[in-house]
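Residues per chain, in single letters:
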Amino acid sequence: MAELTFWTGTMDAGKSTLALQTNHNHAARGRMGLIFTAHDRSGEAVVTSRLGLTHDAIEVTDDFDFWRHAVDALTHGARIDYLICDEAQFYTPEQIEALAKIVDELQIDVFCFGILTDFRTRLFPGAARLVELADRTEVLQVEALCWCGKRATHNARVEDGVMVTEGDQVVVGDTDDAPSAVSYEVLCRQHHRRRLTAARAQSVSLVPEPLPFG
Ligand SMILES: Nc1ncnc2c1ncn2[C@@H]1O[C@H](COP(=O)(O)OP(=O)(O)O)[C@@H](O)[C@H]1O
Ligand SMILES: Cc1cn([C@H]2C[C@H](O)[C@@H](COP(=O)(O)O)O2)c(=O)[nH]c1=O
């Protein structure tokens, strides 16, 4: 029986790496797959892993019709055994429903990879629908870490060095230190709640202790 699987984790947890490994392992056994993504960091229709792996992909725009794409391909004689769907948090709920239909009606395995929650700790609509519909939701084993050493569970958005909790849900960006107006940092819940990013924690710890006497 085909399955709809949702692999999730914070940013930088290794989801795109796992997506490309999954494709590699299935392709190595002669299975035929299609790879999809939406708003990859590279800005192109490609899945990129921070470990350096990349693979061309089909870009999923809001009006992309998974069901039509799969049926058209099959009707023209293509074989499809599985779909790899990266950045699935950005897909619309209707697109996730189409993926579930592809699993059930066409017996094609669908492997989805994406983050659960946005910088405000709210579920992405695509991720929410996946949790509702997937046969299995799995959390990646590799732990992304908060600066304090605890498992990172939340994604913080940093604008010009300051953590923000308001703004558009979708702003493509990375977790690296390269200077850019918008970047992301993974944090544990406590430090996300307190808006304590690594840079802020360091600057707070550098403030000299007030002397006990005036
Ligand atoms: N130089 C490196 N050496 C070893 N592992 C690395 C290196 N750079 C990145 N990684 C691994 O790659 C992970 C990020 O992988 P990626 O697939 O891009 O994540 P995601 O798609 O979840 O954002 C990091 O958590 C880390 O485990
Ligand atoms: C938290 C959050 C993230 N994004 C964007 C930033 C990245 O482009 C992707 C996540 O990519 P990754 O492969 O998991 O590192 O999502 C966003 O648009 N809005 C957010 O709130």
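Computed from a predicted model, the values in this text were never measured in an experiment.

Draft legend 1. Looking closely at the overall build of the chain. Within the chain, the regular secondary structure consists of six helices and 11 strands. Looking at the chain as a whole, 34% of its 214 residues are labelled buried.

Draft legend 2. Molecular detail of the UniProt feature "binding site: substrate" (unreviewed entry) in the chain. Per the UniProt record, the feature "binding site: substrate" (unreviewed entry) sits at Val170, Val171, Val172, Gly173 and Tyr184. When you line up the elements, Gly173 lands in the loop between strand E10 (162-164) and strand E11 (182-187). Judged by local crowding, Gly173 falls into the partly exposed class, with 16 C-beta atoms found within 10 Å. Residues within four places of Gly173 in sequence aside, it is in contact with Ser180, Val182, Ser183 and Tyr184. Mapped onto the elements, Tyr184 comes out in strand E11. Other than its neighbours up to four places away in sequence, Tyr184 contacts Met11, Asn155, Ala156, Arg157, Val158, Gly173, Asp174 and Thr175.

Draft legend 3. Structural view of the UniProt feature "active site" (unreviewed entry) in the chain. Here the UniProt feature "active site" (unreviewed entry) sits at Glu87. Here Glu87 is to be found in the loop between strand E6 (82-85) and helix H3 (93-106). Excluding its chain neighbours within four sequence positions, the residues that come into contact with Glu87 are Thr37, Ala38, His39, Asp40 and Gly114.

Draft legend 4. Region of interest: the sheet that holds strand E2 (residues 33-37). Spatially, E5-E2-E6-E7-E1-E8 is the arrangement adopted by the six strands of the open sheet, whose pairing is parallel. Lying at the two open borders of the sheet, with one neighbouring strand each, are strand E5 (58-59) and strand E8 (136-139). Pairing analysis gives four bridges linking strand E1 (residues 4-8) to E8, with the strands arranged parallel. Pairing of Thr5 across the sheet is with Arg136, part of E8. Running over the sheet, helix H1 (residues 15-28) touches E1, E2, E6 and strand E7 (109-114) and is turned about 160° from E7.

Draft legend 5. A look at the domain arrangement of the chain. With domains assigned, the chain is organised as domain 1 (1-142) and domain 2 (143-207). Of note, the centres of domain 1 and domain 2, computed from C-alpha atoms alone, are 26 Å apart. The interface is formed by 15 residues belonging to domain 1 together with 17 residues belonging to domain 2. Looking at the side of domain 1 that touches domain 2, its residues break down into six nonpolar, five polar and four charged.

Draft legend 6. Spotlight on the site of ligand 1. Near ligand 1 there are 13 residues, and of these Lys15, Ser16, Thr17, Ser49 and Arg50 occur at the shortest range. Partitioning the shell around ligand 1 into residue classes produces five nonpolar, five polar and three charged.

Draft legend 7. Examining the pairing of E6 more closely. Alternating residues of E6 divide into Tyr82 and Ile84 and Leu83 and Cys85, and every residue in both groups is buried. In this structure, E2 lies alongside E6, joined through four bridges in parallel fashion. When the sheet's bridge partners are listed, Leu34 is paired in E6 with Leu83. As judged from the four bridges shared by E6 and E7, these two strands associate in the parallel manner. If you follow Ile84 over to E7, its bridge partner there is Phe111. Chirality of the crossover, the property in question, places the unit of E6, H3 and E7 among those that are right-handed.

Conventions we followed
Residues numbered from 1 in each chain as written. Chains lettered and ligands numbered in written order. Predicted model: local features only at pLDDT ≥ 70, side-chain atom pairs only at ≥ 80, totals over all residues. Helix = DSSP H or I, 4+ residues; strand = E, 2+ residues; numbered from the N terminus. Buried ≥ 20, exposed ≤ 12 C-beta atoms within 10 Å, placed from the backbone. UniProt positions renumbered as here; feature names shortened; annotations may be inferred. Contact = placed C-beta atoms within 7 Å. Pairing = 2+ DSSP bridges. Axes fitted to C-alpha atoms, helices over the stretch in contact; angles between N-to-C directions. Domains from an automatic or database assignment. Nonpolar A, V, L, I, M, F, W, Y, C, P; charged D, E, K, R; others polar. Near = placed C-beta within 6 Å. Right-handed = clockwise from strand over helix to strand, strands pointing away.

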